[in-house]
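Here is how the chains run, residue by residue.
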Amino acid sequence: MTLLNKRLKKRLIMVMALVASISIISCGTIPKPAPATAEVTLSGKLTVYSAGPNDLATNIQKGFEKKTGVQVEMFQGTTGKILARLEAEKAKPVADVVVLASLPSAQGLMKSGMTLPYKEAKNADKLFPQWSDQDGNYYSYSLSALGIAYNTKLVTNPPKDWTDLTKPEWKDQINIPDPALSGSAADFATGYLSVKGDSGWDLFKQLKSNGVLMAGANQEALDPVITGAKSMVIASVDYMTYQAKAKGEPVDLIYPAEGTVISPRPALITKTSNNVENAKAFMDYLLSDEVQKMVADAYLLPGRSDVKVQGRPSASEIPTLKVNSDWMIANQKSVIQKFTDIFKK
Amino acid sequence: MNHYKRFGMTLAILLLLMLVVIPLFFIFLTSIFPNGSLNLAAPLRIFIDNDLRETFFNTILLGVLVVGGTTLFALPLAWILAKTALRKHEWLDVLIMIPFMTPPYIGSMGWILFMQPKGYFEQFIPSSSKLSPYFFNLLGMVLIMSLHMLPLLYLILRNALLQVSGSIEDAAFIHGGKAFYVFRRIVLPLLFSSYAMGALLIFVKSISEFGAPATFGRRIGYYVITTEIQKYTSSWPIDFSKATSLATVLLSTCLIFWYVSSLISRKFTYNTISGKGSEGKIYVLKRWQTWLAWIYIIALLAIAIGVPYFSILVASIMKLRGGGLVWQNFTLIHYEKLLAWGSESMEALMNSLSLSLIVATICVIIGTVFALAIQKSRTWPQRIIDLFSLLPNTVPGIVMVVGLIIVWDAPWMPIPLYNTYGMVVLTYVIFFLPYTVQYVKANYSQIDESLFQAGRVLGGKMFYVLRRIILPLLLPSLLAGWMMTFTISIRELVGALMILPPAMQTSATYIYSQFEQGDLSLGMAMAVISVGLTIVMLLGINKISSKRKWSIE
């Protein structure tokens with residue numbers, strides 16, 4: 001009996017060793033923290049979580065890889081998915097740089113101490129000051145303005161203002177992106193409410209009773225309008241509409257006269273980053289002429305005030321609401337909650 | 001040798017405990033510690049919270065309606081292809097399997113593009129626009145999901161019908177029963193056990209389904225448990241305790257229904273196989289009846305396969321999404337972009353293929369070992385391995401993933417597998433292990449033990465018997481299992497969405513993210529390619545399993 005036990009023990013130990021070695025092999029795929037390198041020669045890896053548009057993010061990734069030789073691991077998702085991922089990975093953070101499509105979200109990360117300030121970023125002084133942090137916790141390298149996108153075949157007389165969309169002629173014709181997924185839609189809702197106060201909810205309630213459908217992320221909301229299944233998207237990101245329009249799709253966009261919300265796309269370095277030098281180089285790259293041109297080519301608004309766009313209004317020409325950013329940060333979560341409650345009913 | 005065996009059994013059970021049972025247990029544990037303190041009633045709060053309760057009832061309602069819809073489609077089809085002269089057309093079986101092999105998120109998107117206002121249907125027949133509002137509600141989703149589940153119930157019912165011996169029916173006819181009377185009093189009761197099992201299977205599959213509710217349900221504002229779990233775990237603000245509560249409830253519901261199903265099958269099983277050679281009765285149809293049968297089959301296939309595949313194909317070759325169905329608007333540019341070497345999409349496709357290759361191979365190896373350990377599940381360790389290794393097939397995929405995330409992402413977990421390629425492989429292996437186990441087990445039980453004994457009597461060592469007798473005989477099922485695993489790994493969505501490391505995409509997540517954020521045409525082109533691969537594989541499996549009959553009998 002004892003002999004058997006001994007044998008069994010021996011075998012167990014062997015198996016355990018086997019299991020351990022298997023797990024060690026599988027560990028080999030995990031990015032090892034790169035040693036801090038000198039500023040001139042960068043190497044190793046950088047993990048970036050970036051909100052869309054996909055093509056722009058991919059171009060930036062490729063451009064940066066080519067320029068520095070750093071290998072970029074990129075997770076592309078909606079702002080909501082990136083925030084969820086960051087929260088889920090809190091115990092074992094992975095991301096070095098995070099690019100979001102919502103300012104209050106970035107400010108929220110800063111307030112909870114998850115950002116690493118980088119004050120010396122090149123060209124930071126040329127950014128629109130209102131959308132970037134003075135201490136360099138986050139920089140809004142690009143912007144998008146929210147408008148009303150419409151199908152030009154179906155809508156000959158486009159609405160002028162947000163409240164026009166509550167009219168019965170548009171019943172069941174309108175989509176709105178889901179703020180739990182789309183950072184810019186979240187910015188719109190919180191921004192609008194920060195100006196209007198509690199009475200702002202009336203607009204959303206009226207929209208809901210006019211049959212407005214909450215339709216997933218931005219592309220999911222816009223695609224039915226392109227194909228003509230729906231007539232309009234409220235709080236549509238402008239760049240996506242312009243992109244489709246440039247391709248020849250029958251869509252266009254207006255910015256309501258009352259003013260809209262500009263949704264900046266802030267980039268930040270995480271405090272837990274193991275590749276700080278690479279991350280800083282990435283931030284410099286985002287603010288460089290090269291990327292700013294890519295931004296304009298993707299129909300987004302450049303974050304730098306000295307880079308101009310052609311054929312459409314620049315950030316300073318779009319009518320905007322006087323949003324209260326402190327209120328926005330404080331109430332973002334509850335606004336999203338209440339918003340989805342209204343539209344899910 | 002006995003030591004080896006006992007040791008292998010222990011190892012298998014330990015492995016399954018660690019990989020399958022513990023993650024599920026942790027879901028339960030997380031759900032009853034909502035804020036770090038024990039609250040046994042926490043999972044039940046979904047019945048108090050209005051939204052969550054609605055989600056739960058939505059899910060159940062969906063399951064019930066899909067069972068109804070599937071029955072409506074499958075019963076006539078099964079009867080026609082089991083009891084009439086049409087049953088000689090075996091190629092129909094391959095066609096009928098296609099809807100089930102089409103990933104529901106792709107099928108749903110096809111239906112949406114077809115039926116939406118100004119969609120493809122309306123472009124063909126403008127007056128059909130009146131139908132659209134009737135389609136974009138719960139019934140539309142039930143239709144889509146019923147057509148997807150149809151092959152499952154069809155196969156179950158047809159096999160059951162084939163086993164109803166012709167002599168029983170003849171007896172009824174001789175005693176003066178009319179055709180409908182015979183169907184009602186003889187065939188239906190004999191079918192009941194198989195139908196009940198099939199219906200429960202459909203029910204459980206429907207309430208576990210993620211793809212269709214995520215694409216179509218969102219369009220109509222119909223939210224179910226699976227989509228809510230995904231929302232609470234992967235879009236901000238996340239709420240893990242709500243997600244695990246929902247997961248616990250979904251898991252319990254599924255387990256209860258599986259238990260009921262096993263009770264029914266034990267209670268209402270009649271001996272329909274008597275050993276006497278019995279050809280099932282074939283009803284002779286009149287000419288117009290044959291026509292009717294053909295029209296039914298063709299119409300059903302046109303709806304179940306024609307509509308979604310037409311939409312997917314067309315969407316993948318349209319230059320402008322708003323340009324309509326005109327020749328000038330067709331292009332192959334999306335395929336060119338998709339298959340460009342080094343592009344994001346090509347990488348995603350390669351990831352899918354390599355992942356499926358690795359997973360299918362691992363599954364076949366481990367699955368075979370398990371199946372050989374289970375044998376005919378006579379002893380209780382064998383039964384435990386049997387139960388545990390089939391568990392991932394019972395548990396909704398999203399629940400399994402949540403469990404795996406909780407365990408492997410936990411701060412105390414010493415093996416840093418989370419967020420790596422290895423984690424994806426592990427998840428997929430757990431997901432798809434049941435398939436090989438089932439295939440091999442079924443095959444193994446057909447092999448007469450005398451063959452092994454003969455091998456041993458003639459002096460063969462254990463490994464010799466394994467290598468020269470068992471494995472060659474198992475080869476067809478190993479291949480079928482491998483191909484099946486390969487196929488379903490390519491289309492796996494929910495596991496991939498939640499477990500892929502940051503920089504990695506598969507063809508399924510690529511398609512999904514194109515629907516959400518990118519270029520729908522590119523997503524559809526990818527869908528055409530991955531579905532094409534699936535169908536090729538399906539034909540392969542079909543070929544192998546038809547050969548198998550020949551080689552064993």
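Along each chain, residues carry numbers from 1 onward, in the same order as the chain's sequence is written. The naming scheme follows written order: chains are lettered A onward, ligands numbered 1 onward. Whole-chain, interface and lining totals are the exception, using all residues; otherwise, since this is a predicted model, local features are given only for residues with pLDDT of at least 70 and side-chain atom pairs are given and counted only at 80 or more. The side-chain quantities take in all heavy atoms of the structure and omit both hydrogens and water.

1. Overview of helix H8 (residues 166-174) of chain B
Residues and elements named next belong to chain B.
Part 1 of the reasoning: Among the residues of H8, Gly166, Glu169 and Ala172 are the ones counted as buried. Angularly, the buried residues of H8 cover 125° about the axis, an arc narrow enough to put them on a single face.
Part 2 of the reasoning: Only heavy atoms enter the contact rule, under which two residues are in contact if any of them lie within 4.5 Å. Secondary structure elements follow DSSP: runs of H or I no shorter than four residues count as helices, runs of E no shorter than two count as strands, and numbering proceeds from the N terminus. Taken together, the buried residues of H8 touch helix H2 (50-83) and helix H9 (179-208). For every residue, the accessible area obtained with a 1.4 Å probe (protein chains only) is divided by the maximum for its type, and the residue is called buried under 20%, exposed over 50%, and partly exposed between those limits. For this quantity, the arc is that covered by the directions from the helix axis to the C-beta atoms.

2. A word on the packing of aromatic side chains
Part 1 of the reasoning: Side-chain rings of Phe, Tyr and Trp (the six-membered ring for Trp) are treated as a pair once their centres are within 6.5 Å; stacked means planes under 30 degrees apart, edge-to-face means over 60, and tilted covers the remaining angles. By the definition in use, this model includes 33 aromatic pairs over all chains.
Part 2 of the reasoning: Between Trp482 of chain B and Phe486 of chain B, the aromatic rings sit 5.3 Å apart at their centres with planes inclined by 15°, giving stacked as the arrangement. Remark: Phe486 of chain B and Trp482 of chain B occur in helix H20 (residues 462-491); sequence separation between them is four residues, near one turn of the helix.
Part 3 of the reasoning: One aromatic cluster in this structure is built from Trp162, Phe188, Tyr192, Trp201, Phe204, Phe339 and Phe343 of chain A.
Part 4 of the reasoning: In this arrangement the basic side chain of Arg85 of chain A is found over the ring face of Phe75 of chain A, its NZ or CZ atom lying 4.7 Å from the centre.
Part 5 of the reasoning: Put simply, a charge is over a ring when the Lys NZ or the Arg CZ is close to the ring centre, within 6 Å, and near the line of the ring normal, within 35 degrees. The aromatic ring of Tyr223 of chain B is capped on one face by Lys344 of chain A, whose charged end is 4.2 Å from the ring centroid.

3. Observations regarding the interface of chain A and chain B
Part 1 of the reasoning: At the interface, 61 residues of chain A touch 46 residues of chain B.
Part 2 of the reasoning: Interface area for chain A against chain B, summed over the two sides, is near 4900 Å², with a carbon-plus-sulfur share of 54%.
Part 3 of the reasoning: Counted as salt bridges are all cases of a side-chain nitrogen of Lys or Arg within 4 Å of a carboxyl oxygen of Asp or Glu. Note that Lys81 of chain A is salt-bridged to Glu516 of chain B, the shortest N-O span being 2.6 Å.
Part 4 of the reasoning: Polar contacts, as counted here, are pairs of nitrogen or oxygen atoms within 3.5 Å of one another; within protein the pair requires one atom able to donate a hydrogen and one able to accept it, and residues that are adjacent in sequence qualify only if both atoms are side-chain atoms. Applying the counting rule to chain A against chain B returns 14 residue pairs in polar contact (both at pLDDT 80 or more).
Part 5 of the reasoning: Among the elements that make up the side of chain A that touches chain B, the one with the highest residue count is helix H1 (residues 2-27) of chain A (eight residues).
Part 6 of the reasoning: In this count, Pro and Cys sit with the nonpolar residues alongside Ala, Val, Leu, Ile, Met, Phe, Trp and Tyr, while Asp, Glu, Lys and Arg are called charged and the others, Gly among them, polar. For the side of chain A that touches chain B, the class distribution of residues is 24 nonpolar, 19 polar and 18 charged. Defined here as a combined quantity, buried area equals the accessible surface (1.4 Å probe) lost by two parts on assembly, summed across both.

4. Brief notes about the pairing of strand E4 (residues 139-151) of chain A
All names here are of chain A.
Part 1 of the reasoning: In terms of residue burial, E4 counts as a mostly covered element, since 13 of its 13 residues are buried.
Part 2 of the reasoning: Sheet topology places E4 next to strand E9 (residues 262-269); six bridges connect them, and they run antiparallel. Within the sheet, the bridge partner assigned to Ser144 lies in E9 and is Ser263.
Part 3 of the reasoning: Two strands pair if DSSP finds at least two bridges between them. Direction of pairing for E4 relative to strand E7 (residues 232-237): antiparallel, over a ladder of five bridges. When the sheet's bridge partners are listed, Gly147 is paired in E7 with Ser236.
Part 4 of the reasoning: As paired elements, E4 and strand E8 (residues 251-254) share four bridges and run antiparallel to each other. Along E8, the bridge assignment pairs Tyr150 with Asp252.

5. A word on the domain arrangement of chain A
All names here are of chain A.
Part 1 of the reasoning: Domain segmentation is taken from an automatic or database assignment of domains. Annotation of chain A at the domain level lists domain 1 (45-143 + 263-311) and domain 2 (144-261 + 319-344).
Part 2 of the reasoning: Relative placement of domain 1 and domain 2: their C-alpha centres are 25 Å apart.
Part 3 of the reasoning: Listed as interface residues are 22 residues of domain 1 and, on the opposing side, 19 residues of domain 2.
Part 4 of the reasoning: Interface of domain 1 and domain 2: buried area, both sides summed, is about 1600 Å²; carbon and sulfur atoms make up 58% of it.

6. Considering the domain arrangement of chain B
Residue and element names in this part refer to chain B.
Part 1 of the reasoning: Here chain B is described as being made up of domain 1 (51-330) and domain 2 (332-553).
Part 2 of the reasoning: Placing the centre of domain 1 and that of domain 2 at their C-alpha centroids yields a distance of 24 Å.
Part 3 of the reasoning: With 41 residues of domain 1 at the interface, the matching set in domain 2 holds 36 residues.
Part 4 of the reasoning: On the domain 1 side of the contact with domain 2, Met101, Tyr105 and Ser316 bury the most area, a combined 20% of that side's loss.
Part 5 of the reasoning: Where domain 1 packs against domain 2, one counts one salt bridge.
Part 6 of the reasoning: At the junction of domain 1 and domain 2, the tally comes to six residue pairs in polar contact (both at pLDDT 80 or more).
Part 7 of the reasoning: Going through the elements one at a time, helix H3 (91-101), helix H4 (104-115), H9, helix H10 (211-220), helix H11 (225-234), helix H12 (240-267) and helix H13 (287-316) are the ones with two or more residues in the side of domain 1 that touches domain 2.
Part 8 of the reasoning: For the side of domain 1 that touches domain 2, the element with the most residues is H12, which contributes eight residues.
Part 9 of the reasoning: Across the side of domain 1 that touches domain 2, the residue classes tally to 28 nonpolar, nine polar and four charged.

7. Let's talk about the packing of H3 of chain B against helix H7 (residues 138-163) of chain B
All names here are of chain B.
Part 1 of the reasoning: Only the stretch in contact is used when fitting a helix axis, every axis being a line fitted to C-alpha atoms; angles between N-to-C directions are given from 0 to 180 degrees. Packing of H3 against H7 brings their axes to within 6 Å, and their N-to-C directions diverge by 135°. In terms of their interaxial angle, H3 and H7 are classed as oblique. In contact with Asp93, Ile96, Met97, Pro99 and Phe100 of H3, H7 contributes Leu147, His148, Pro151, Leu152, Tyr154, Leu155 and Arg158.
Part 2 of the reasoning: Tallied by class, the residues present in the contact of H3 with H7 amount to nine nonpolar, one polar and two charged. With respect to orientation, any angle under 35 degrees is reported as roughly parallel, any angle over 145 as roughly antiparallel, any angle of 65 to 115 as roughly perpendicular, and every other angle as oblique.

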